[in-house]
Amino acid sequence: MIFITAKFRVKPEHADQWPQISAGFTNATRNEPGCLWFDWSRSLEDPNEYVLVEAFRDGEAGAAHVQSEHFKHAQQTLPQHLAETPRVINTSLDQDDWSLLGEMAVD
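Per an unreviewed UniProt entry, the protein chain carries the name Antibiotic biosynthesis monooxygenase and comes from Saccharopolyspora karakumensis.

Quick look at the structure:
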């Protein structure tokens, strides 16, 4: 799978509305056939920072994502709400789901 984590620093005046601002992009991406997950979290330390954790089945699904109309639309509409260019980690993993964290196993 292609595993991506990105940090989005949102302008303070848009931070509380970011889930609604990004909702169309989020929903469209989650409906892509190759999307495994696309989940936002808000930082506990910085209320203006959102972390996006996303995964796609393979490189082909990742390429389809960045070539989609909703991705192109997001490129045009989302940056106006951001304080800086998002930072990203993008890697390929030889798995298709989350692994269990054995060090914190629950009986």
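Undergrad: Lay out the pairing of strand S3 (residues 49-56) with the relevant residues and their values.
TA: Judged by how many residues are buried, S3 sits mostly within the fold: eight of eight residues are covered. Side chains Glu 49, Val 51, Val 53 and Ala 55 project from S3 onto one buried face, and the interleaved Tyr 50, Leu 52, Glu 54 and Phe 56 project onto a second face that is buried too. In this structure, strand S1 (residues 2-9) lies alongside S3, joined through eight bridges in antiparallel fashion. Following the sheet pairing, Ile 2 is matched in S3 by Phe 56. In this structure, strand S2 (residues 35-42) lies alongside S3, joined through seven bridges in antiparallel fashion. In the strand pairing of S3, Trp 40 is matched with Leu 52. What sits between S2 and S3 in their antiparallel hairpin is a turn of six residues.

Undergrad: How would you summarise the packing of helix H2 (residues 23-30) against helix H4 (residues 69-77) if you had to cite specific residues and measurements?
TA: With their axes 9 Å apart at the nearest point, H2 and H4 run at an angle of 160° to one another. Judged by the inter-axis angle, H2 sits roughly antiparallel to H4. Seen from above, H2 lies across H4 with left-handed handedness. Where H2 approaches H4, its residues Phe 25, Ala 28 and Thr 29 are matched on the opposing element by His 70, Phe 71 and Ala 74. Of the residues that constitute the contact of H2 with H4, the class distribution is four nonpolar, two polar and no charged.

Undergrad: Help me get a handle on H2, residues and values and all.
TA: For H2, the set of buried residues is Phe 25, Thr 26 and Thr 29. Take H2 and look down its axis: the buried residues cluster within an arc of 100°, on one side only. Considering only its buried residues, H2 is in contact with S2, S3, helix H3 (59-66) and H4.

Undergrad: Describe the nonpolar core, naming the residues involved and giving the relevant values.
TA: Membership of the largest hydrophobic core comes to 17 residues, with the highest contact counts inside it found for Phe 8, Val 10, Trp 18 and Phe 56. Breaking this core down by element, the ones donating at least two residues are S1, S2 and S3. Per element, the largest residue contribution to this core is four residues, and it comes from S1. With residues near it in sequence (within four places) discarded, Phe 8 still touches Trp 18, Trp 40, Asn 48, Glu 49, Tyr 50, Leu 52, Leu 82 and Pro 86. Membership of the second largest hydrophobic core comes to six residues, among which are Met 1, Trp 37, Val 51 and Val 53.

Rules of the game
- Residues numbered from 1 in each chain as written.
- Predicted model: local features only at pLDDT ≥ 70, side-chain atom pairs only at ≥ 80, totals over all residues.
- Heavy atoms only, no water.
- Buried < 20%, exposed > 50% of the residue type's maximum accessible area, 1.4 Å probe, protein only.
- Helix = DSSP H or I, 4+ residues; strand = E, 2+ residues; numbered from the N terminus.
- Pairing = 2+ DSSP bridges.
- Axes fitted to C-alpha atoms, helices over the stretch in contact; angles between N-to-C directions.
- Parallel < 35°, antiparallel > 145°, perpendicular 65-115°, else oblique.
- Left-handed = near helix turned anticlockwise from the far one by under 90°.
- Contact = heavy atoms within 4.5 Å.
- Nonpolar A, V, L, I, M, F, W, Y, C, P; charged D, E, K, R; others polar.
- Arc of directions from axis to C-beta.
- Core = buried A, V, L, I, M, F, W, Y, C linked by side-chain atoms within 4.5 Å.

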